[in-house]
Amino acid sequence: GAGVSQSPSNKVTEKGKDVELRCDPISGHTALYWYRQSLGQGLEFLIYFQGNSAPDKSGLPSDRFSAERTGGSVSTLTIQRTQQEDSAVYLCASSPGTGFDEQFFGPGTRLTVL
Amino acid sequence: GDSVTQMEGPVTLSEEAFLTINCTYTATGYPSLFWYVQYPGEGLQLLLKATKADDKGSNKGFEATYRKETTSFHLEKGSVQVSDSAVYFCALLSSGGSYIPTFGRGTSLIVHP
């Protein structure tokens, strides 16, 4: 079956521009996560959605980062006024929901800020 | 807070060599432990997991045993293949009700023919 998909696969932007990254989770998965993977670093948690509950935004590094999830499915991560330190691979993962511990990851979006 | 420490990479081995990637953790309670693998150009995928002390997770010839006394979950494989070249992440999910896992920094494995 279809896995988690992300688009675009690569994004190059200029400093100061806004970018939107998209994640399509596995159908029926109620939990959705965004992570940032920087070179030589582990996965940095950004935000977590579970069903219709308020998202856990505790990992967002600044107010330039925001995310939404429409209809409990597709999610968009928006980075405003991008900075060079935002360059990283942004990974999305989904899970069937509470009580299920495995996460299913997408291939990621590689963001390069010039 | 919770944390996961993995050995630094890259780990470079010849085909058919024995592999160990060390992972230790700090957590309250009884976390679930995981190894994820990331092949080049792909997202992470679950390799194996263990949910309680002394459990052994295994998959594709890889094994890891949940050692509460040493707070460790070392990954092992008896004979690696070139196709095992990837980045391996150790992770934990706390038993305290959080649904946000903690990941280690990842260990790159390079296997030469």
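Below or above, wherever it landed, is the structure these notes cover. Throughout this description, residue numbers start from 1 for each chain and increase along the sequence as written. Think of it this way: whatever chain is written first is A, whatever ligand is written first is 1, and the rest follow in order. Whole-chain, interface and lining totals are the exception, using all residues; otherwise, since this is a predicted model, local features are given only for residues with pLDDT of at least 70 and side-chain atom pairs are given and counted only at 80 or more. To obtain the side-chain values, all non-hydrogen atoms of the structure were used and water was disregarded.

**Some points on the overall build of chain A**
Applied cut-off: Each helix corresponds to a stretch of at least 4 residues labelled H or I by DSSP, and each strand to a stretch of at least 2 residues labelled E; elements are numbered beginning at the N terminus. We compute the radius of gyration from the C-alpha atoms alone; for a globule the expected value is 2.2 Å times N to the 0.38, where N is the number of residues. Working definition: with a 1.4 Å probe on protein chains only, accessible area under 20% of the residue-type maximum means buried, over 50% means exposed, and in between means partly exposed. For this analysis, residues touch if any pair of their heavy atoms sits within 4.5 Å. Here the Shrake-Rupley method, with its probe set to 1.4 Å, supplies the accessible areas, and only the displayed protein chains count as covering residues. In this tally, Asp and Glu contribute negative charge and Lys and Arg positive charge; neither His nor the terminal groups of the chain are included. For charged residues, the charge sits on one atom: NZ in Lys, CZ in Arg, CG in Asp, CD in Glu.
Regarding its fold elements, chain A presents 0 helices and 10 strands. Ordering the α and β elements of chain A from the N terminus gives β-β-β-β-β-β-β-β-β-β. Computed over C-alpha atoms, the radius of gyration of chain A comes to 13 Å, within 12% of the 13 Å expected from 2.2 N^0.38 for 114 residues, which places it in the range of a compact globule. Principal axes of the C-alpha set define a box for chain A whose edges measure 40 × 30 × 25 Å. Sorting the 114 residues of chain A into buried and exposed places 49% on the buried side. Counting contacts in chain A only where the partners sit at least 6 residues apart, residues at least 24 apart contribute 54% of the total. Accessible surface, chain A as shown: approximately 5,500 Å² in total, 45% of it carbon and sulfur. Averaging the locations of the 10 positively and 12 negatively charged side chains of chain A gives two centres separated by 6 Å.

**Focus: the nonpolar core**
The condition that has to hold: Side-chain atoms within 4.5 Å link the members of a nonpolar core, which is a set of buried Ala, Val, Leu, Ile, Met, Phe, Trp, Tyr and Cys residues.
B:Leu19, B:Trp35, B:Leu47, B:Leu48, B:Phe73, B:Leu75 and B:Tyr88 are the most contacted members of the largest nonpolar core, which has 26 residues in total. For this core, the secondary structure elements donating two or more residues are β2 (11-14), β3 (19-21), β4 (23-26), β5 (32-38), β6 (44-50), β8 (62-65), β10 (86-93) and β12 (107-112) of chain B. No other element matches the 4 residues that β10(B) contributes to this core. Those residues in contact with B:Leu48 that lie beyond four places of it in its chain are B:Leu33, B:Phe34, B:Trp35, B:Gly57, B:Ser58, B:Asn59, B:Phe62, B:Glu63, B:Ala64, B:Phe73 and B:Leu75. Among the nonpolar cores identified, the runner-up in size contains 20 residues, and A:Val19, A:Ile47, A:Phe65 and A:Ile79 belong to it.

**Digging into the sheet that holds β3(B)**
Residue and element names in this part refer to chain B. Definition in use: One requirement defines pairing of two strands: DSSP has to find at least two bridges between them. The axes used here are C-alpha line fits, helices contributing only the stretch in contact, and every angle between their N-to-C directions lies in the interval 0 to 180 degrees.
With antiparallel pairing, 4 strands are arranged side by side in an open sheet as β3-β9-β8-β7. The open sheet has two free edges, formed respectively by β3 and β7 (56-59), since each of these has just one partner strand. With direction set aside, neighbouring strand axes in the sheet form an average angle of 15°. Direction of pairing for β3 relative to strand β9 (residues 75-77): antiparallel, over a ladder of 3 bridges.

**Some remarks on empty space enclosed by the protein**
Worth spelling out the cut-off: Both cavities and pockets are sets of points on a 1 Å grid over the protein atoms alone; in a cavity a 1.4 Å probe fits but cannot get out, in a pocket the set is open with protein on both sides within 12 Å along at least five of seven lines, and lining residues sit with an atom within 4 Å of a point. Grid points are joined across faces, edges and corners, and a volume is the space filled by probe spheres set on the points. Each residue gets one label: Ala, Val, Leu, Ile, Met, Phe, Trp, Tyr, Cys and Pro are nonpolar, Asp, Glu, Lys and Arg are charged, and the others, such as Gly, are polar.
If you walk through the whole model with that rule in mind, you get 1 cavity of 30 Å³ or more. By volume, the largest cavity is sized at about 100 Å³. Around the largest cavity, the lining comprises 15 residues; the ones closest to its centre are A:Tyr33, A:Asp101, A:Gln103, B:Leu93 and B:Tyr99. When contributions to the lining of the largest cavity are tallied by element, the ones reaching two or more residues are β4 (31-37) of chain A together with β5 of chain B. Class assignment of the residues belonging to the lining of the largest cavity gives a composition of 10 nonpolar, 3 polar and 2 charged.

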